[in-house]
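These are the residues of each chain, in order.
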Amino acid sequence: MVKHAILSASSAERWSKCTPSALLNQQAADIPSPYAQEGTDAHLLCSYLLEREYGIETRDPTENLTYYNQEMQECAEIYLQTVNEIMADVKKVCPDPVIFVEQKVDFSKWVPGGFGTADCILLADGITHVCDYKHGAGVFVDATANIQMKCYALGVISMFGDIYDFDEICMHIIQPRKENISSWSIKVSELLTWADDYLSPRAQLAIKGEGEFVAGSHCHFCKVKATCRKRAEANLELAKLDFKLPAILSDSEISVVLEKVDNLVSWANDVKDYALTEALKGKKFEGFKVVEGRSNRKFTDVTAVADIVTSAGYDPYKKEVYGISAMETMLGKKKFVELLGNYVVKPQGKPVLVSITDKRPEFNSAAEEFKEKLEEK
Ligand code: SF4
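Residues numbered from 1 in each chain as written. Predicted model: local features only at pLDDT ≥ 70, side-chain atom pairs only at ≥ 80, totals over all residues. Heavy atoms only, no water.

Draft legend 1. Main features of the confidence of the model for the protein chain. For the protein chain, the mean per-residue pLDDT works out to 90, and 94% of the residues sit at or above 70. Taking the mean pLDDT of every element in the protein chain, the minimum, 60, falls on helix H12 (residues 366–376) and the maximum, 98, on helix H6 (residues 188–207). (pLDDT = per-residue confidence, 0-100. Helix = DSSP H or I, 4+ residues; strand = E, 2+ residues; numbered from the N terminus.)

Quick look at the structure:
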């Protein structure tokens, strides 16, 4: 069984912001998730590719991976390629960097019992690099001031700071399913000051279960997120927003609602999921009952159906061209581009309203583009 630190690097964003959540999460039961196993599989594949590339003894894990598929293979290759590119840059200034794959790092100097596993460390004089692979396709993970990455970096300083002469650490998040490769650097001296002034005092509160509950986006990975009173209060605050007359909300009031609505929806869904799970175990929620959802008719035996319809003189099959992903899997990426590259377009995505901090460029509607072209003439 994998041992998890109470104050782990991967949960540092949560416990450093909401210190009492550390002990609450330690006591709460694990919520099994297929995404967690998928992530573990992807990490095994990533480390295998990296170890093979750099001559480290390894074993191909593919046949034992539950969720292995073509997409996972491609994502792992993007990870490998990114690490190779970073390594090539490092070699321009340091001739003998050392690579560590899936390296356990200890940052207990600042955080009681603090350890974690860094996916890849490129140890070099001058700037050392820490890379983290994310398989998730949901939440976009930014490397900028990322607390998990800073914990890994502290572990690297603890282990190797005396042997290697680096004064800066660059952290990279590689999240291929979000088309996200994000990097951020910090001076070692600055990181150590942050660890002493912020991380260490927060960890001392967290390990004792002290401090204030603070709700925010870090609640997303909290085991008590569905039943946490603080999170409920924070979200229900929206209903109490003190909007003034007139009857119609102004644009600035709509902006206030938009700022909060994603967290509100995610909290409401967490509460609904939790209540359904508990109700299925037999718990009663006053005024609610579990009913059967809608379902569609389906054949019990598709082969028998095809045989019967064929015998009756009909063709039970429809012929269809494969979709893009299936075709790419069948032909392989290179052949796919060679044969069909000219027949693939990426239509403009549906507009979505997001926070101004989102890294994507602003949407340009067809009407807007037409107007710009006219103005250019
Ligand atoms: S749900 Fe949020 S506020 Fe509640 S304990 Fe977890 S991190 Fe803290």
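There's plenty left to go through after this.
Draft legend 2. Seen up close, the sheet that holds strand S4 (residues 166–175). The mixed open sheet is built from five strands, whose spatial order is S1-S2-S3-S4-S5. Of all the strands in the sheet, the pair left with one neighbour each is strand S1 (98–106) and strand S5 (180–187). Adjacent strand axes in the sheet meet at a mean angle of 30°, parallel and antiparallel pairs treated alike. Here strand S3 (residues 126–133) runs beside S4; their pairing, made up of eight bridges, is parallel. Pairing of Thr128 across the sheet is with Ile169, part of S4. Most of the contacts of H6 go to S5, to which it runs at about 85°, and overall it touches S4 and S5. (Pairing = 2+ DSSP bridges. Axes fitted to C-alpha atoms, helices over the stretch in contact; angles between N-to-C directions. Contact = heavy atoms within 4.5 Å.)

Draft legend 3. Looking closely at the packing of aromatic side chains. One pass over the structure, following the stated rule, counts three aromatic pairs. Between Tyr79 and Tyr133 the ring centres are 5.5 Å apart and the planes differ by 70°, which places this aromatic pair in the edge-to-face class. Residue Tyr79 is found in helix H4 (residues 70–93), and its partner Tyr133 is found in strand S3; the two are separated by 54 residues along the sequence. You can call Tyr79 buried: its relative accessible area is 1%. Lys104 extends its terminal NZ or CZ atom over the ring of Phe115, reaching a point 4.4 Å from the ring centre. Against the face of Trp194 rests Lys150, its NZ or CZ located 3.9 Å from the ring centre. (Phe/Tyr/Trp six-rings, centres within 6.5 Å; stacked < 30°, edge-to-face > 60°. Buried < 20%, exposed > 50% of the residue type's maximum accessible area, 1.4 Å probe, protein only. Lys NZ or Arg CZ within 6 Å of the ring centre and 35° of its normal.)

Draft legend 4. Region of the structure containing the site of the ligand. Lining the immediate environment of the ligand, one finds 13 residues, of which Cys18, Val214, Cys219, Cys222 and Cys228 sit closest. Residues that form the shell around the ligand fall into these classes: eight nonpolar, two polar and three charged. Lining the shell around the ligand are residues from two domains, each supplying at least three of them: domain 1 (12–208) and domain 2 (225–280). (Near = heavy atom within 4 Å. Nonpolar A, V, L, I, M, F, W, Y, C, P; charged D, E, K, R; others polar. Domains from an automatic or database assignment.)

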